[in-house]
Amino acid sequence: METADIVTGESIVSGTWTNATEMGRIAGENMAGGVTEYEGAFKRLNALEVAGIPVIAVGVVDLPPDKGYQVYTSRRGDTYRKLVLWDNVLVGALLVGEIEGAGVFTGLIKRRADLGDLARRLAEPRFSYAPFLRLETAKAEAYAC
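Residues numbered from 1 in each chain as written. Predicted model: local features only at pLDDT ≥ 70, side-chain atom pairs only at ≥ 80, totals over all residues. Heavy atoms only, no water.

*Asks:* Just to check I follow, could you spell out the layout of surface pockets for this structure?
*Replies:* The probe, sized like a water molecule, is rolled over the atoms to show the empty space still left. When its volume is computed, the largest pocket comes out at roughly 400 Å³. Taken together, 24 residues line the largest pocket, and the ones lying closest to its centre are N19, Y38, G40, A41 and F42. Among the elements of the structure, β2 (11–13), α1 (17–31), β3 (45–50) and α2 (102–111) are those that each provide at least two residues to the lining of the largest pocket. Looking at which element gives the most residues to the lining of the largest pocket, the answer is α1, with 5 residues. A per-class count over the lining of the largest pocket returns 8 nonpolar, 9 polar and 7 charged. For the second largest pocket, the calculated volume is near 210 Å³. Around the second largest pocket, the lining comprises 11 residues; the ones closest to its centre are T8, K43, R44, V60 and D62. (1 Å grid on protein atoms, 1.4 Å probe; cavity = no way out; pocket = protein on both sides within 12 Å on 5 of 7 lines; lining within 4 Å. Points joined across faces, edges and corners; volume = space filled by probe spheres on them. Helix = DSSP H or I, 4+ residues; strand = E, 2+ residues; numbered from the N terminus. Nonpolar A, V, L, I, M, F, W, Y, C, P; charged D, E, K, R; others polar.)

What follows is the structure in structure tokens.
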């Protein structure tokens, strides 16, 4: 199926089951009177294990030259993190070894969240995700009222 890349907006061909089921769910919802729009898919969203070491790549991790991306990396033992941002918005993550936070990074990429001053700290090995959880909780509480 052809869709748009969530990060770049470029047209991509996606053959993954998860993308197909999401498109089907949204199509069914819209046929039943809903108005949900399909956001697109990630051109790159891979999880694998190499020699017993987990690796996750999502979004833009192979950088085109001279495009103005901000890249933050950290390396500690067998752990490597590479986070790619564009104007303080996370657009890609490569996690090797310690993959904790992959879901948070994927969510931030999907939301196109402006991370402001937190952007530089994301790659730190002991970075806390608490500010993002508080933000999401505040949003949820605002909708519940």
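*Asks:* What's the story with the pattern of salt bridges in this structure? I'm lost.
*Replies:* Per the counting criterion, the structure on display carries 5 salt bridges. Put simply, E22 and R25 hold a salt bridge, and the shortest N to O gap is 2.9 Å. You can see E22 and its partner R25 sitting in helix α1, 3 residues apart, about one turn around the helix. Since its relative accessible area comes to 32%, E22 is described here as partly exposed. Among the residues examined, R25 registers a relative accessible area of 43% and is labelled partly exposed. Here D62 makes a salt bridge to R44, at a shortest N to O gap of 3.1 Å. Of this pair, D62 sits in the loop between β4 (53–59) and β5 (70–76) while R44 sits in the loop between α1 and β3, and the two are 18 residues apart along the sequence. Each of E22, R25 and E29 takes part in one network of salt bridges that share partners. (Salt bridge = Lys/Arg side-chain N within 4 Å of Asp/Glu carboxyl O. Buried < 20%, exposed > 50% of the residue type's maximum accessible area, 1.4 Å probe, protein only.)

*Asks:* Would you mind showing me how to read the nonpolar core here?
*Replies:* Generally speaking, soluble globular proteins have nonpolar side chains that are buried together. If you look at the biggest cluster of nonpolar residues, it comprises 17 residues, and the most contacted ones within it are L83, L85, L90, F105, L115 and L122. Secondary structure elements with two or more residues in this core: β4, β6 (79–86), β7 (89–96) and α2. Counting residues per element, this core draws most heavily on α2, at 4 residues. (Core = buried A, V, L, I, M, F, W, Y, C linked by side-chain atoms within 4.5 Å.)

*Asks:* Please explain the environment of N46 as it appears in this structure.
*Replies:* By the secondary structure assignment, N46 is in strand β3. Setting aside residues up to four positions removed in sequence, N46 forms contacts with V55, I56 and A57. (Contact = heavy atoms within 4.5 Å.)

*Asks:* It is not clear to me how the sheet that holds β6 should be interpreted in this structure. Could you clarify?
*Replies:* Each strand in a sheet pairs with another by means of backbone hydrogen bonds, the pair being arranged parallel or else antiparallel. Sheet architecture is open: 5 strands sit in the order β3-β4-β7-β6-β5, paired in antiparallel fashion. Bordering the open sheet on either side are β3 and β5, each of which pairs with just one other strand. Strand-to-strand twist in this sheet, taken as the mean axis angle between neighbours without regard to direction, amounts to 15°. Two elements, β5 and β6, share 7 bridges in a ladder whose sense is antiparallel. Looking at β6, one finds that V71 is bridged to V84. Along the sheet, α2 contacts β4, β6 and β7; its crossing angle with β7, the most-contacted strand, is approximately 155°. (Pairing = 2+ DSSP bridges. Axes fitted to C-alpha atoms, helices over the stretch in contact; angles between N-to-C directions.)

*Asks:* Sorry if this is basic, but what is going on with the pairing of β7 here?
*Replies:* On a regular strand, one side chain projects to one face of the sheet and the next to the other, so that they alternate. Of all 8 residues that make up β7, 7 are buried, and the element is covered over most of its length. By the bridge criterion, 5 bridges tie β4 to β7 in an arrangement that is antiparallel. Looking across to β7, one finds that I56 is bridged to L95.

Purely geometric numbers; function is a separate question.
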